[in-house]
Amino acid sequence: MECLFLQDWSFVLLLLLPWPVSGKFTVIGPPQPVIAMVGEEAIFPCHLSPQINAQDMNVMWFYGESSELVHHYKYRQDYLKHQHQDYKGRTEFLRDEISTGSVALKLRHIRLSDEGKYRCFFESSSAYEEAEYQVYVAGKGSVPHIDIVSDENKSLRLICTSTGWYPKPEVQWIKNQEKLLSQDITIEKKENGLFSVETSITVSTNSTVNVFCFIWNPLLRQKFEASVSVSDDLFPHNTPWIWVWIATMVLFSTVISVIIFVTWKLKKVKVSGSLSACLSVCLSLPLHWEGKEKPGDTENRIIK
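Residues numbered from 1 in each chain as written. Predicted model: local features only at pLDDT ≥ 70, side-chain atom pairs only at ≥ 80, totals over all residues. Heavy atoms only, no water.

Things to note about the pattern of salt bridges
Note on pairing: side chains with opposite charge can pair once their charged atoms come close. Considering all chains together, one arrives at 7 salt bridges under this definition. Ionic pairing is found between Arg90 and Asp114, a salt bridge with its closest N-O pair at 2.4 Å. Here Arg90, found in the loop between strand 6 (77-78) and strand 7 (91-97), pairs with Asp114, found in the loop between strand 8 (102-107) and strand 9 (116-123); they are 24 residues apart in sequence, far enough to count as distant. Of the residues examined, Asp114 reaches a relative accessible area of 2% and is grouped as buried. (Salt bridge = Lys/Arg side-chain N within 4 Å of Asp/Glu carboxyl O. Helix = DSSP H or I, 4+ residues; strand = E, 2+ residues; numbered from the N terminus. Buried < 20%, exposed > 50% of the residue type's maximum accessible area, 1.4 Å probe, protein only.)

Take a look at the structure:
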């Protein structure tokens, strides 16, 4: 009796064990959020657990809350009759390992609008499951460039620029291995949705310094940098310009003085010439009346 009782309980325990149910599976998507680069391509893998042949299943990818159909695999081929227009010509179903339940979707020409949540959906004749994952779109931008502009006396303005970033980039200036907190930053969103950045600092010292401009995407680990070595030769100096100005003014004054002197001399020569001519005429008058009657002599002779 005891043996029969134990056998009955053993049978009950076997029934209570979690036996796998035929046709049941779990869909597993990317373990981490996918970062897709603007203009490039991205791959979204999904697989079944346990490994099940998915050749005869419906496999679909949906985007967003509105469940836009990104790609559809059905009847062992691509079935794109109801594919959303934003994805036409941009998707490819990778099925080299579909017999083990492992597939992937390749999305080309990544756009900013591709960022969001996706669902990978599997459906068999007896069950269906899906997995959700996040996609972030990033633009790493161009290599920064530094322009040097003379700002004020003994100071330089360093301007660092870069374009093509998404999302908004982060910026850091470093001078002689020390972070600079004081900086002007302008981040502007362009028509294509990407961000451009312009940041500047003022260097007011005549000593040689090494300055670095770092710009990076918060989603990526890679930093872009531009550097410049600022030496005393680059700073504006006022002393040479003062001397040039003084020399110019002295030369100008000298020229004006010479012109005034020459003009005065010419006027003096003309006046002297006129006086000499007049004096010559006056002195020649007595000589003209010598040996001739004077007007008064005629009157005196008549009276007599």
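Details of the confidence of the model for the protein
Put simply, the protein has an average pLDDT of 81, and 73% of its residues get 70 or more. Counted against residues more than four places away or in other chains, residues 1-22, with its pLDDT under 50, gives 1 contact. When the criterion is pLDDT under 50, residues 298-304 qualifies, and its contacts beyond four places in sequence or with other chains add up to 2 contacts. (pLDDT = per-residue confidence, 0-100. Contact = heavy atoms within 4.5 Å.)

Topic: the state of the cysteines
Applying the stated rule across the entire model yields 1 disulfide. Paired through a disulfide, Cys160 and Cys213 show a sulfur-sulfur distance of 2.1 Å. Every disulfide takes its handedness from the sign of the S-S torsion; for Cys160 and Cys213 that torsion is -85 degrees, giving left-handed. Note that Cys160 is positioned in strand 12 (residues 156-166) and Cys213 in strand 17 (residues 209-216), a separation of 53 residues in sequence. With relative accessibility at 0%, the residue Cys160 sits in the buried group. Residue Cys213 is classed as buried on the basis of its relative accessible area of 0%. (Disulfide = S-S within 2.5 Å.)

Observations regarding unusual backbone geometry
Each neighbour pair has its own omega, and for Ser49 with Pro50 the value is 0 degrees, a cis peptide bond. You can see Pro50 is positioned in the loop between strand 3 (42-49) and strand 4 (58-63). Of note, the bond from Tyr166 into Pro167 is cis; its omega dihedral lies within 30 degrees of zero at -10 degrees. Mapped onto the elements of the fold, Pro167 is located in the loop between strand 12 and strand 13 (170-175). One non-glycine residue, Arg76, lies in positive phi territory at about 60 degrees. Of note, Arg76 is situated in the loop between strand 5 (68-74) and strand 6. The class for Arg76 is partly exposed, based on a relative accessible area of 47%. Phi at His109 is positive, roughly 50 degrees, even though this residue is not glycine. Residue position: His109 is located in the loop between strand 8 and strand 9.

With respect to the sheet that holds strand 17
What the 4 strands build is an open sheet, ordered 14-13-17-18; its pairing is antiparallel. Strands with a single pairing partner mark the edges of an open sheet, and in this sheet they are strand 14 (178-180) and strand 18 (223-230). Direction aside, neighbouring strands of the sheet carry axes that sit 25 degrees apart on average. Taken together, the 6 bridges between strand 13 and strand 17 define a ladder with antiparallel strand orientation. The residue bridging Lys175 from the neighbouring strand is Val211, located in strand 17. (Pairing = 2+ DSSP bridges. Axes fitted to C-alpha atoms, helices over the stretch in contact; angles between N-to-C directions.)

Some words on the sheet that holds strand 3
If you trace the 4 strands from one edge of the open sheet to the other, you get 1-3-8-7, paired in antiparallel fashion. In this open sheet, the two edge strands, each paired with only one partner strand, are strand 1 (26-28) and strand 7. Looking at each pair of strands side by side, their axes are set apart by 20 degrees on average, direction ignored. Both strand 3 and strand 8 contribute to a ladder of 6 bridges, which runs antiparallel. Counterpart to Ala42 in the pairing with strand 8 is Leu107.

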